[in-house]
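Listed below are the residues making up each chain.
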Amino acid sequence: ITDIWNRYYRVYIDALNINENECKFEEYKKNKLLYVNDRKMIESTTAKQDITYEVFRNTKKAILESEDYLRLDQLIIDPDILKKFFLDNDALILTIRRNEKLFYDQMTWLGIDSLRERTVVLKPSGTNSKRDWCRKIDDEYWIVGDSETDMLVGKNKNAHTCFVKSGLRDSIYIQRYI
């Protein structure tokens, strides 16, 4: 439900300690859709980096969900329409976050804090925790998502998926998970 491209771009160039002239937004976006793996992304960046992949990964992990970067996300749908959809359809926001409080703060910044009671925040576990959580649902349900993780949930019984192109994956890559 959010456009995360600016946040991921800023994290990328800040973690690599390069500037926007060394990696333009459109170059980043093209490469991010092409290379799922961050290591390959770094290798594809034309800018000279003096940072190892491990340093990049640790920096990215430390700043990706920080307030300054989360504030770069933007809703891709009008907040009133989104709220009406969630209430009319008994829908949930299911997300994986390291910092639950910052996620709820972000909902406030985005103007959708009234959906807090319609939200499930899971911690990263190294497994597909969204899929595991959804396996407990006996009724038919839909997953609207932008990642391979979301599409894998659709393999659960009673699940249907809808891929949206607002995320970091392209539809060609996602096809193998549907």
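Read on for a plain summary of the structure. As a convention, each chain's residues are numbered from 1 in the sequence order in which they are written. This being a predicted model, a pLDDT of at least 70 is required before a residue's local features are given, and a value of 80 or more before pairs of side-chain atoms are given or counted; all residues contribute to the totals for chains, interfaces and linings. Neither water nor hydrogens contribute to the side-chain values; these are computed over all heavy atoms in the structure.

**Quick word on the packing of aromatic side chains**
Then, in step 1: Side-chain rings of Phe, Tyr and Trp, where Trp is taken by its six-membered ring, are said to pair if the distance between their centres is within 6.5 Å; with planes under 30 degrees apart they count as stacked, over 60 as edge-to-face, and otherwise as tilted. In total, this model carries 9 aromatic pairs according to the counting rule given.
Then, in step 2: For the pair Tyr9 and Phe25, a centre-to-centre distance of 5.2 Å together with 85° between the ring planes defines the contact as edge-to-face. In this pair, Tyr9 is assigned in helix 1 (residues 5–16) and Phe25 in helix 2 (residues 25–34), connecting sequence segments 16 residues apart.
Then, in step 3: Taken together, the aromatic side chains of Trp5, Tyr9, Tyr12, Phe25, Tyr28, Tyr53 and Phe56 make up a single cluster linked through ring pairs. Numbering of helices and strands starts at the N terminus; helices are DSSP runs of H or I of at least 4 residues and strands are runs of E of at least 2.

**Things to note about the pairing of strand 4 (residues 119–122)**
Then, in step 1: Under the scheme applied here, a residue whose accessible area is under 20% of the maximum for its type counts as buried, over 50% as exposed, and between as partly exposed, the area being computed with a 1.4 Å probe on protein chains only. Residue alternation in strand 4 divides its side chains into two sets, Thr119 and Val121 and Val120 and Leu122, and both sets are buried.
Then, in step 2: Pairing between strands requires that DSSP locate at least two bridges from one strand to the other. By the bridge criterion, 4 bridges tie strand 3 (residues 93–96) to strand 4 in an arrangement that is parallel. Bridge assignment links Leu94 to a residue of strand 4, and that residue is Val120.
Then, in step 3: We call a crossover right-handed when, viewed with both strands directed away from the observer, the connection leading from the first strand over the helix to the second proceeds clockwise. Note that the unit made of strand 3, helix 7 (residues 100–110) and strand 4 has a crossover that is right-handed.

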